[in-house]
Amino acid sequence: MGQVEWARDLARKVLERHLPRRWEHTQGVGRRAEQLAPILGKDAEILAASAWLHDIGYAPDLIDVGFHPIDGGRYLRDVHGADELLCRLVAHHTCAEIEADERGLLEILQGEFPKERGDLVEALTFCDMTTSPDGIPLTVVERLAEIRSRYGPDDAVTWSINQAEPHILRAVRSVEAKLALSDVRLGCPA
């Protein structure tokens, strides 16, 4: 079994039953990542695997520090001995540093999962931030508005998304530019 299939099966196992909507989102993010293969070359598989696994830290049985990027990265590293880059991508997806700092967890995040491969973190951010909670492609502006609406104005997630917005927009625009240069079209404009 390849890395992407393993990641898809593991995500299904930990999310589908207890967090069906999160599983729907994960499926959309995974499919989105697989569509980026033409612009990623040899990195297509690691990106797709990280997309399938990016939110497993939400699973009730995996919660450790209560911040899903760290919890997911730890689970992959400690329980599955997963590839170090895969763990780091999961731990750093979608500007995790900003929310980790807000939650007092930045030192843990950076200490356990040093950030690397900004191009892949950017691609994973694109996939996550152009997919609805129900797994449907949408624009980044729609996704940001959806997150703010779901969490409300006083939540740490909303504060973090507000701080991260310029970085998220830059990541999405960068991937869109690479897709345009390669003449790759995804089903919905990001």
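Quick look at the structure, then. All figures in this text were calculated on a predicted structure; none of them were measured in a lab.

## Topic: the packing of aromatic side chains
For step 1, the next point in the chain: Per the stated rule, a full pass over the model turns up 1 aromatic pair.
For step 2, the next point in the chain: Taking the centre distance of 5.9 Å and the plane angle of 45° together, the rings of Trp23 and Trp52 count as tilted. Remark: Trp52 occurs in helix H4 (residues 44–53) and Trp23 occurs in helix H2 (residues 20–35); sequence separation between them is 29 residues.
For step 3, the next point in the chain: According to the relative accessible area criterion, Trp23 is buried, its value standing at 3%.
For step 4, the next point in the chain: Taking the relative accessible area as the measure of exposure, Trp52 reaches 4% and is therefore buried.
For step 5, the next point in the chain: If you follow Arg22 out to its NZ or CZ, it ends over the ring of Tyr58, 3.8 Å from the centre.

## A short note on the environment of Ala180
For step 1, the next point in the chain: Following the sequence through the fold, Ala180 ends up in helix H11 (residues 156–181).
For step 2, the next point in the chain: Accessibility expressed as a relative area gives 58% for Ala180, which makes it exposed.
For step 3, the next point in the chain: Separated by 155 residues in sequence, Ala180 and His25 have C-alpha atoms that sit 25 Å apart.

Analysis parameters
- Residues numbered from 1 in each chain as written.
- Predicted model: local features only at pLDDT ≥ 70, side-chain atom pairs only at ≥ 80, totals over all residues.
- Heavy atoms only, no water.
- Phe/Tyr/Trp six-rings, centres within 6.5 Å; stacked < 30°, edge-to-face > 60°.
- Helix = DSSP H or I, 4+ residues; strand = E, 2+ residues; numbered from the N terminus.
- Buried < 20%, exposed > 50% of the residue type's maximum accessible area, 1.4 Å probe, protein only.
- Lys NZ or Arg CZ within 6 Å of the ring centre and 35° of its normal.

Treat this as a map of the structure, not an account of what it does.
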